[in-house]
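Topology and contacts: notes
For reference, the chains in residue letters:
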Amino acid sequence: MARYVGAIDQGTTSTRFMIFDRSGTEIGRHQLEHRQIQPRSGWVEHDPMEIWENTLKTIGVALADTGLAPADLAAIGITNQRETVVLWDRSTGAPVAPAIVWQDTRTDYLLHDIDADLVRSRTGLPPATYFSATKIQWLLDEVDGLRARAENGEILFGTIDSWLIWNLTGGRHLTDVTNASRTMLMDLSSLDWSPELLAMFRIPRAMLPEIRSSAEVYGTAETVLPGVPIAAAIGDQQAALFGQTCFEPGEAKCTYGTGGFLLMNTGTTPVRSSHGLITTVGYRFGAERPVFALEGSIAACGSAIQWLRDQLGVLDTAGDSEILAGQVEDSAGVCFVPAFSGLFAPYWRPDARAAIVGLSRFHTSAHITRAALEAICHQTRDVVEAMAQDSGTVLDCLQVDGGVTANALCMQLQADILGVPVSRPAVAETTALGAAYAAGLAVGFWDSLDDLRANRHEDRRWQPSWSAARRTEGITRWRAAIDRTLDWVSVG
Ligand code: ADP
């Protein structure tokens, strides 16, 4: 009787394999980084073979370290960096080009010719280079002979989930609905590829994977885990929503990593945003109705702390930000807007650039660092407010995860600036846990969502302590600072 479930967490910078028991407790893990290939300004690539080989290695080492055999795993789930594009040869399985990563902006010129209203109405997404469609289009245009081969059915497209499933199963071409919803090619109403969008982006239907639910047995692994069912695929932010057990409409989580991603469960009807959020699929179990989410993506979150450490040199470690910012009572009127590559949700202003405003001779690196922590919280509050306006649901607690949540001062500021409690779970790896949960549910390892809810234990909760007047004053200053960052560079 298998006692564990495994999860492949294939992220932007690394791949990890994690093993969980029935209580959701981690039993073992192994993690490997892969190369970030940046051949030109604005280009970001990964080597699909390196990602696949790292996946095999992390599984092998995690099993060896824990002394487990494949038969000890009831199933594995896959969670992955979203939107990143891999194209490969159907007959040899070899990639035909490097993977183009979600952060890559080489395709911005392709956005000028598209019908933005059609994209929004079909996909729930604002047209952006961030999503997969223009990256596929670019490869078909730029790699010699590729378009003809794709039209003949010789070339396959997949996001990273598809690429891993293809390799694990020895040739099944599938994706899940959460990943498909980020391609800018899937119709949110039919949950299938949109013929109009395929025509507009000139992408042959023959190269696209079949869209399946997020939790069902897609096949069994052949190579490293012979016989183990592959029973879930779910995009990383949706997996974190699931791992945080946000199963009810109105429940939300925020992941504070390099960027920040706030997702709110909106139930079985998609909510269209008129406040700068993305409508996306949260998850779908087998033949059940899909659960939708509203998403606010924040471009710079923990990266603001990395910048203070690596570029300004005022911190030795990211953790030092808590000590330095804790040396002052407040930021004394300083605001730091970390719009290093423009502003994402809810503003979507590529013309913005970062600014630190309100400085006098009195201010120190402690004030600036505190302002960086406040900025992380204000950006999140902006997204929470947009969610409330779009969904009509006011949050009563924010579930948090990700690297920045190690910073207790930042989390206290988050509760103060939001005016609602902030709760951090005992298992920090909510993304991998979410994929394991989805796979375990699909094979009956867990019986119900209630089993999973019972596994969620709070590690720490921060209560808001500011007066409404103090909160309002901070928000007003933040908005004024945002205004000063706009129209700084010309784009397009
Ligand atoms: P990702 O999955 O995007 O790589 P992680 O969840 O691993 O991100 O978080 C890494 C980010 O968290 C980095 O940007 C780092 O600067 C930030 N970070 C880590 N520890 C702290 C801390 N104690 N205080 C503030 N930021 C932190």
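Fair warning: this is a prediction, and the values are worked out from it, not measured in the lab.

Moving on, we come to the site of the ligand. As a structural note, the neighbourhood of the ligand is formed by 13 residues, with Thr 258, Gly 302, Gln 306, Gly 403 and Asn 407 the closest of them. Take Gly 302: an N or O atom from its main chain is 3.1 Å from an oxygen atom of the ligand. In this structure, Gln 306 approaches the ligand through a side-chain N or O atom, which is 3.0 Å from an oxygen atom. Broken down by element, the shell around the ligand gets its largest block of residues, 4 residues, from helix H9 (residues 302-310).

Moving on, we get to the environment of Arg 182. Topologically, Arg 182 is positioned in the loop between helix H6 (177-180) and strand E10 (186-187). Overall, the relative accessible area of 0% leaves Arg 182 in the buried class. For the pair Arg 182 and Gln 306, spaced 124 residues apart in sequence, the C-alpha to C-alpha distance is 27 Å. In terms of polar contacts, Arg 182 uses its side chain to reach the side chain of Tyr 130, at 3.4 Å. Among the polar contacts made by the side chain of Arg 182, one reaches the side chain of Glu 295 at a distance of 2.9 Å.

The sites that carry the UniProt feature "binding site: sn-glycerol 3-phosphate" (unreviewed entry) are, in the present numbering, Thr 12, Arg 82, Glu 83, Tyr 130 and Asp 236. Position of Arg 82 among the secondary structure elements: in the loop between strand E5 (73-80) and strand E6 (86-89). Residue class for Arg 82 comes out buried when judged on its relative accessible area of 3%. Residue contacts for Arg 82: discarding those within four places in its chain leaves Trp 102, Tyr 130, Asn 179, Arg 182, Gly 235, Asp 236, Gln 237, Gln 238, Phe 261 and Glu 295. Its place among the elements puts Glu 83 in the loop between E5 and E6. Look past the residues within four positions of Glu 83 in its chain and what remains in contact with it is Trp 102, Tyr 130, Phe 131, Ser 132, Lys 135, Thr 159 and Arg 182.

About the thresholds
- Residue positions are given per chain, counted from 1 along the sequence in the order it is written.
- For this predicted model, a pLDDT threshold of at least 70 governs which residues receive local features, and a threshold of 80 or more governs which side-chain atom pairs are given and counted, while totals over whole chains, interfaces and linings are taken from all residues.
- Each side-chain value is worked out from all heavy atoms of the structure, with water and hydrogens disregarded.
- Note on definitions. A residue lies near a molecule or strand when any single heavy atom of the residue is within 4 Å of it.
- Counted as a polar contact is a pair of N or O atoms within 3.5 Å, where, for protein atoms, one must be capable of donating a hydrogen and the other of accepting one, and residues adjacent in sequence contribute only when both atoms are in side chains.
- Only runs of H or I of at least four residues qualify as helices and only runs of E of at least two qualify as strands under DSSP, and these elements are numbered from the N terminus.
- Only protein chains enter the calculation, and the probe is 1.4 Å; a residue is then buried if its accessible area is under 20% of its type maximum, exposed if over 50%, and partly exposed in between.
- UniProt positions are given in the numbering used here, feature names are shortened, and annotations may be inferred rather than shown by experiment.
- Two residues qualify as a contact provided that any one of their heavy atoms is within 4.5 Å of a heavy atom in the partner residue.

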